[in-house]
Amino acid sequence: MIQRTAVRIEAHNPDNERATWQTLLARSVTRPETLLQRLGLDSRLLSDGAHTGHAAFPVRVPEPWLARIRYGDPADPLLRQVLPLADEGEPRPGFVSDPLQEADATATPGLIRKYRSRALLMVTGQCAINCRYCFRRHFPYEDHRLTPTQREDVISTLTASPEINEVILSGGDPLAVNDRLLAQWASALSSVPSLTRLRIHSRLPVVIPQRVDDALVGWIEQSRLDVVMVVHINHPAEIDDDVRTAMNRLKSAGVTLLNQSVILQGVNDHPDTLQALSEALFAAGILPYYLHAFDPVAGAHHFDVSDDRARAMVRELQARLPGYLVPRLVRELPGRPGKTLLDVGME
Ligand SMILES: *Cc1c(COP(=O)(O)O)cnc(C)c1O
Ligand code: SF4
């Protein structure tokens, strides 16, 4: 009990509240032992498989995320997303390292194009948090920072492809990059006449809400492009007051806020959780967009939820929620013109 109080105080450490996002990022917990110790959990939870997982894809948990994990609960849904488990060391047939075959779709370095009207611009390979279920765990991207010539190639490729009207900043996490560089990108992209929207796929405003600062809001407000931000939240407990404040600031800056989740065993594989998530998203000014069916990523089979169970859960959501709060259940399949909608059928 005394320890619980200590953790509460630490979670509200005024140093953390005043810190810039860069400082918070640099202070992230990067050892699984530290993570468990901070939460009052036994380090024997870490088996050999967990150490293998950590060696391949290191633990990274920023303080604001840690503060949302329930003390002393090894099954906490936020902890499960970041703690390597024994299962990571056990290969499983059919679970592969590049389920999306993204390596084949590079238009010019940094630009991935699979769909007609939109292209992904990979601005960095870094993330603020390392999610154990992520397919990107197997991409040893170094920083995707492009040279000036490569950046010009991206802009000329886009200018020569007028059917592309939306560029998606992706990664890694594109907001792990500093705002000076992002503002340069936003300005270069504004010079492409056919572009109307700039989309940002990022988990950072959720993981470290302090990321939404004057510098970020500044270049977003200045851009001629309509800005859409797709955040990534899997469980309602990820949304705290700081996240709501950050979302409010983005909304005031005219940003359209959407969310994508992944269906994950032991995190959100229950209709009650998904319903609470949709309600909490709406209350924070965010609409549910995609619910990704689980991809068979090597080292992550302990998160697997079958398509049949996922479909049944979304059917249940359709019965409980207004249509605009039901996420689209999708999977990305190679060679399709867009994401594939999984048919959930009717009740
Ligand atoms: C998901 C994805 C997009 C965006 O697709 P939307 O359906 O517009 O959200 C674009 N390019 C690639 C390569 C993607 O994987
Ligand atoms: S933040 Fe996104 S890209 Fe980065 S590890 Fe998590 S799920 Fe993967």
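Quick summary incoming for the structure in this document. Everything numeric here is computed off the predicted structure, so don't read it as measured data.

On to the sheet that holds strand E4 (residues 166-170), then. Strand order in this open sheet of 10 strands is E1-E2-E3-E4-E5-E6-E7-E8-E9-E10, and the pairing throughout is mixed. Every other strand in the sheet has two partners, leaving strand E1 (106-108) and strand E10 (340-341) as the edge strands with one partner each. Bridging between E1 and strand E2 (residues 111-112) involves 2 bridges; their strand directions are antiparallel. Paired with Thr-108 across the strands is Leu-111, a residue of E2. Against the sheet, helix H9 (residues 179-190) makes contact with strand E3 (118-122), E4 and strand E5 (197-201), and its axis sits at roughly 165 degrees relative to E4, the strand it touches most.

A separate point is the site of ligand 2. In the region of ligand 2, the neighbouring residues are Cys-127, Ile-129, Cys-131, Cys-134, Arg-136, Arg-203 and His-232. Considered class by class, the residues forming the shell around ligand 2 number 4 nonpolar, 1 polar and 2 charged.

The local shell around ligand 1 consists of Lys-114, Tyr-115, Arg-118, Leu-120, Ile-168, Arg-199, Tyr-289, Tyr-290, Glu-332 and Lys-339. Arg-199 places a polar side-chain atom, nitrogen or oxygen, 2.7 Å from an oxygen atom of ligand 1. A distance of 2.7 Å is found between an oxygen atom of ligand 1 and a side-chain nitrogen or oxygen belonging to Tyr-289. If ligand 1 stood free it would expose 380 Å²; the protein chains cover 93% of that surface. Those elements that provide at least two residues to the shell around ligand 1 are E3 and strand E8 (287-292). Class assignment of the residues belonging to the shell around ligand 1 gives a composition of 5 nonpolar, no polar and 5 charged.

Before going further, it helps to spend a moment on the pattern of salt bridges. Pairs may arise between side chains of opposite charge once their charged atoms sit close together. Scanning all chains against the criterion turns up 22 salt bridges. Between Asp-179 and Arg-211 there is a salt bridge, with its nearest N and O atoms 3.0 Å apart. Here the residue Asp-179 occupies a position in helix H9, and Arg-211 occupies one in the loop between helix H10 (204-207) and helix H11 (214-222), the gap between them amounting to 32 residues. Of the two residues, Asp-179 and Arg-211, neither departs from the other in class, the shared state being buried. Put simply, Asp-295 and Arg-331 hold a salt bridge, and the shortest N to O gap is 3.7 Å. In this pair, Asp-295 is assigned in the loop between E8 and helix H14 (307-320) and Arg-331 in strand E9 (residues 328-331), connecting sequence segments 36 residues apart. Judged by its relative accessible area of 15%, Asp-295 is buried. Classification of Arg-331 as buried rests on a relative accessible area of 15%. What emerges from the salt-bridge pattern is a single network uniting Lys-114, Glu-332 and Lys-339.

A word on helix H8 (residues 148-159). Between its terminal C-alpha atoms H8 stretches 17 Å, which fits the 16 Å expected from 12 residues at 1.5 Å a residue. Buried residues of H8: Val-154, Ile-155 and Leu-158, and no others. Buried positions in H8, seen along its axis, are confined to an arc of 90 degrees and lie on one side of it. Along H8, exposed side chains directed more than 90 degrees from the buried face belong to Thr-149 and Glu-152. Next to the buried residues of H8 lie E1, E2, E3, E4 and H9.

With that settled, consider the packing of aromatic side chains. Per the counting criterion, the structure on display carries 3 aromatic pairs. Ring centres of Tyr-133 and Phe-303 lie 5.7 Å apart, and the angle between their planes is 85 degrees; on these two criteria the pair is classed as edge-to-face. Placement of Tyr-133 in the loop between E3 and H8 and of Phe-303 in the loop between E8 and H14 is noted, with a sequence separation of 170 residues between them. A relative accessible area of 5% places Tyr-133 in the buried class. Judged by centre distance (5.9 Å) and plane angle (55 degrees), the rings of Phe-282 and Tyr-324 are tilted. In this pair, Phe-282 sits in helix H13 (residues 271-283) while Tyr-324 sits in the loop between H14 and E9, placing the two residues 42 residues apart along the sequence. The ring of Trp-21 carries Arg-211 above its face, with NZ or CZ at 4.1 Å from the centroid.

This paragraph deals with the environment of Asn-259. Mapped onto the fold, Asn-259 is located in strand E7 (residues 256-262). Taking the C-alpha atoms as reference points, Asn-259 and Met-122, separated by 137 residues in sequence, lie 19 Å from one another. Leave out the neighbours within four places in its chain, and Asn-259 touches Val-230, Val-231, His-232, Ile-233, Leu-281, Ile-286, Leu-287, Pro-288, Tyr-289 and Tyr-290. At 3.1 Å, the side chain of Asn-259 and the side chain of Ser-261 are in polar contact.

Secondary-structure assignment places Gln-81 in the loop between helix H7 (77-80) and E1. Polar contacts involving the side chain of Gln-81 include one to the main-chain carbonyl oxygen of Pro-77, which spans 3.3 Å. In this structure, Gln-81 is in contact with Trp-65, Asn-130, Cys-131, Arg-132, Tyr-133, Arg-203, Asn-234, Glu-238 and Val-267, ignoring residues within four places of it in sequence.

Rules used in this analysis
Residues numbered from 1 in each chain as written. Chains lettered and ligands numbered in written order. Predicted model: local features only at pLDDT ≥ 70, side-chain atom pairs only at ≥ 80, totals over all residues. Heavy atoms only, no water. Pairing = 2+ DSSP bridges. Helix = DSSP H or I, 4+ residues; strand = E, 2+ residues; numbered from the N terminus. Contact = heavy atoms within 4.5 Å. Axes fitted to C-alpha atoms, helices over the stretch in contact; angles between N-to-C directions. Near = heavy atom within 4 Å. Nonpolar A, V, L, I, M, F, W, Y, C, P; charged D, E, K, R; others polar. Polar contact = N/O pair within 3.5 Å; in protein donor to acceptor, adjacent residues only side chain to side chain. Areas by Shrake-Rupley, 256 points an atom, 1.4 Å probe, with all protein chains shown as cover. Salt bridge = Lys/Arg side-chain N within 4 Å of Asp/Glu carboxyl O. Buried < 20%, exposed > 50% of the residue type's maximum accessible area, 1.4 Å probe, protein only. Expected span 1.5 Å × (residues − 1). Arc of directions from axis to C-beta. Phe/Tyr/Trp six-rings, centres within 6.5 Å; stacked < 30°, edge-to-face > 60°. Lys NZ or Arg CZ within 6 Å of the ring centre and 35° of its normal.

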